[in-house]
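Fold and contact review
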Amino acid sequence: MTEGTQHDAAELRAMGIGHPSIHDDAELVEIVEMLLDLGVELDDMAGNDITFLGAPLMIRPDATIEPGEVFPRAQAEADFRARAAVALGYNIDEDARLLTPAEVDTVEFFDVMREVVGEDDLLAMMRVMGGSMARLSRTVLPRFLDAAASVLRRHLAVAAASPTAWNVDGSRAATMERLTVGFVDMVGFTSFTEQANLKEFIDALTAFESQAQNVIVTSGGTLVKLIGDEVMFVAPTPASGVEIARRLAKLPLGSSGPGSVRIGLSAGEVVAVGGDYYGTVVNIASRSVRHAEPDTIVATVSVVNGAHASARFESIGTRELRGISEPVELFQLM
């Protein structure tokens, strides 16, 4: 019996539980214990490929809803939701796997949409959608998982090299990082959207995001999000943040919409949650961009003090920023 477990590797193999890629007893017992924790029964493991049994539970851990609770079998033919579920590829028979709340919400959404689109057209579209997704999952899943894993490993390596990336706060709900935060605003975008047609509008946004991401990533920063006509980015140091801002201010945007940008920078400790950043430093950067002239960059003293000596700044005085209790002195990059 392996220490700390309730199962013996020899007994498990005698039951037909195992896999050629599992090399030793400890690994076999560990995998079996994990599957048991996920809710897989020993009988289900016998004679099956146990390396795949846990995947559905790990991908859909909140699958707890019996199909019969949502789609009564007696009403299945008359219930649009049941037909919609089948069109999407859900097996709603009694022996089908459980549903997640999101899957039920998806069916409810399409139930509402039929009033707009029409029942027959909507079901036809859903059949295409369900069939395409099923084929896609079977065709590209292995390569997709490999590709996603390689991208994740790269970003984990970058994060691991940062001395603050794993600075978890006391509640262990978020990490605290010292970063430079920048907001880039397209000048005149509102008036542009009033005159532009849909294609011009989409082209302008796409070009802005594409060019901004290229500048930010190649300068060592991270594009956090595109918020309408504004981009938020973070950089590891004030110096790199200023360099990114300089390059963004020179983007050739004239052919794709508004021709200039203005940028606000702040540096300090931020709260990292779910790939986004929060805190006073973020709020100051967001508010300060409104005090920058077109094609200019404004920054707080924390950025000025951490920038390269070659970067020259000039104070434009203190400013009242919405939601910030004390006035903030801002500096313009010359």
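What follows covers the pattern of salt bridges. Scanning the entire structure with this criterion turns up eight salt bridges. A salt bridge links Arg290 to Asp185, with the shortest nitrogen-to-oxygen separation between them at 3.4 Å. One end of the pair, Arg290, is in the loop between helix H13 (280–288) and strand E6 (297–299); the other, Asp185, is in strand E1 (residues 175–186), and 105 residues separate them in sequence. Owing to a relative accessible area of 3%, Asp185 belongs among the buried residues under this scheme. One salt-bridge network, held together by shared partners, links Arg83, Asp111, Arg114 and Glu119.

This next bit is on the nonpolar core. Counting 27 residues, the largest nonpolar core has Val184, Ile216, Leu248, Ile263, Leu265 and Phe313 as its most contacted members. In this structure, Phe80, Ala82, Ala87 and Phe110 belong to the second largest nonpolar core, which totals 18 residues.

Take the confidence of the model for the protein chain next. As a general rule, the predicted coordinates of low-pLDDT regions are not to be interpreted in detail. Per-residue pLDDT for the protein chain has a mean of 77; in total, 73% of the residues score no lower than 70. Contacts of residues 1–5 to residues separated by more than four positions or lying in other chains number seven contacts, the stretch itself having pLDDT below 50.

The next point concerns unusual backbone geometry. Working note: non-glycine residues mostly have negative phi, and peptide bonds are mostly trans. Of note in this structure, Asp295 is not a glycine but carries a positive phi near 65 degrees. Note on Asp295: relative accessible area 46%, which makes it partly exposed.

A few words now on the environment of Arg312. If you trace the backbone, Arg312 turns up in the loop between helix H14 (301–306) and strand E7 (313–319). For Arg312, a relative accessible area of 55% puts it in the exposed group. Through-space distance from the C-alpha of Arg312 to that of Phe331 is 9.5 Å; in sequence the pair is 19 residues apart. Excluding residues within four positions of it along the chain, Arg312 makes contact with Gln332, Leu333 and Met334.

Moving on to the environment of Val282. Residue position: Val282 is located in helix H13. Given a relative accessible area of 7%, Val282 falls into the buried group. Considered as a pair, Val282 and Val271 are eleven residues apart in the sequence and their alpha carbons are 9.1 Å apart. Residue contacts for Val282: discarding those within four places in its chain leaves Val181, Phe183, Met232, Val270 and Tyr277.

In terms of burial, helix H7 (residues 80–87) is a largely internal element, six of the eight residues being buried. Of all the residues in H7, the buried ones are Phe80, Arg81, Ala82, Ala84, Ala85 and Ala87. Where H7 terminates, the next one or two residues include Gly89, which has phi positive at roughly 100 degrees.

Turning to the environment of Glu69, a few remarks are in order. Structurally, the position occupied by Glu69 is in helix H6 (residues 67–70). The exposure class of Glu69 is exposed, given its relative accessible area of 60%. As for Glu69 and Leu99, which are separated by 30 residues in sequence, their C-alpha atoms are 10.0 Å apart.

Now for the side chain of Ser266. By the element assignment, Ser266 lies in strand E4 (residues 261–273). Owing to a relative accessible area of 3%, Ser266 belongs among the buried residues under this scheme. Here Ser266 is in contact with Leu179, Thr180, Val181, Val281, Ile284, Ala285, Thr300, Ser302 and Val303, once residues within four sequence places are set aside.

Definitions and cut-offs
- Residues numbered from 1 in each chain as written.
- Predicted model: local features only at pLDDT ≥ 70, side-chain atom pairs only at ≥ 80, totals over all residues.
- Heavy atoms only, no water.
- Salt bridge = Lys/Arg side-chain N within 4 Å of Asp/Glu carboxyl O.
- Helix = DSSP H or I, 4+ residues; strand = E, 2+ residues; numbered from the N terminus.
- Buried < 20%, exposed > 50% of the residue type's maximum accessible area, 1.4 Å probe, protein only.
- Core = buried A, V, L, I, M, F, W, Y, C linked by side-chain atoms within 4.5 Å.
- pLDDT = per-residue confidence, 0-100.
- Contact = heavy atoms within 4.5 Å.

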